[in-house]
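Results of the structural survey
Spelled out, the chains give:
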Amino acid sequence: MPRRVKAVRQPDLVLISWSRNPLIPGSARRIVAARVIGSAAPCWQDLRPNALLSTALACLQDHDVGFKIVFRKMTSDISGYLLLQRN
């Protein structure tokens, strides 16, 4: 009798590149680009270029949505990227 193999669900990943306006000190971080592996539901509409990073993170990190930041890197004083994962 063949052994049953279950597919292991892979985590959802969201990679966000962001930047600030260098001409305005303290300006909000805005999304430059975002890539999703799996699903970012229900937050996909917040991941468009020029959207506020704070809005996207509020949705993704909501208790019911369940994404967590697993890596963050500042690439300069005004830019960086984040990797979020949901299991």
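Attention here is on the structure that accompanies the text. (Residues numbered from 1 in each chain as written. Predicted model: local features only at pLDDT ≥ 70, side-chain atom pairs only at ≥ 80, totals over all residues. Heavy atoms only, no water.)

Things to note about a nonpolar patch on the surface
A surface patch of nonpolar side chains, amounting to about 330 Å² of accessible area, comprises Leu15, Val70, Phe71 and Tyr81. On the accessibility criterion, Phe71 (42% relative accessible area) is partly exposed. (Patch = residues over 30% accessible without salt bridge, like charges linked within 9 Å, V, L, I, M, F, W, Y side chains within 5 Å. Areas by Shrake-Rupley, 256 points an atom, 1.4 Å probe, with all protein chains shown as cover. Salt bridge = Lys/Arg side-chain N within 4 Å of Asp/Glu carboxyl O. Buried < 20%, exposed > 50% of the residue type's maximum accessible area, 1.4 Å probe, protein only.)

Topic: the side chain of Ser27
Along the chain, Ser27 falls in the loop between β1 (12-19) and β2 (30-37). Ser27 gets classed as buried once you look at its relative accessible area, which sits at 11%. Setting aside its immediate chain neighbours within four residues, Ser27 contacts Arg20 and Asn21. (Helix = DSSP H or I, 4+ residues; strand = E, 2+ residues; numbered from the N terminus. Contact = heavy atoms within 4.5 Å.)

A short note on the sheet that holds β1
Pairing between the strands of a sheet comes from backbone hydrogen bonds, and it takes one of two forms, parallel or antiparallel. Taken in spatial order, the 4 strands of this open sheet run β2-β1-β4-β3, and their pairing is antiparallel. Either end of the sheet is taken by a strand with one partner, and the two such strands are β2 and β3 (68-76). On average, adjacent strands in this sheet sit at an angle of 15° to one another, irrespective of strand direction. The pairing of β1 with β2 spans 7 bridges and is classified as antiparallel. Across the sheet, Leu15 pairs through a bridge with Arg35, a residue of β2. (Pairing = 2+ DSSP bridges. Axes fitted to C-alpha atoms, helices over the stretch in contact; angles between N-to-C directions.)

Remarks on the pattern of salt bridges
Scanning the model with the defined rule gives 2 salt bridges in all. Between Asp12 and Arg9 there is a salt bridge whose closest N-O contact spans 3.4 Å. Given a relative accessible area of 4%, Asp12 falls into the buried group. A salt bridge links Asp12 to Arg86, with the nearest nitrogen and oxygen atoms 3.1 Å apart. Here Arg86 lies in strand β4 (residues 79-86) and Asp12 lies in strand β1, a separation of 74 residues in the sequence. Residue classification places Arg86 among the buried residues on the basis of a relative accessible area of 13%. Salt bridges linked by common partners bring Arg9, Asp12 and Arg86 together as one network.

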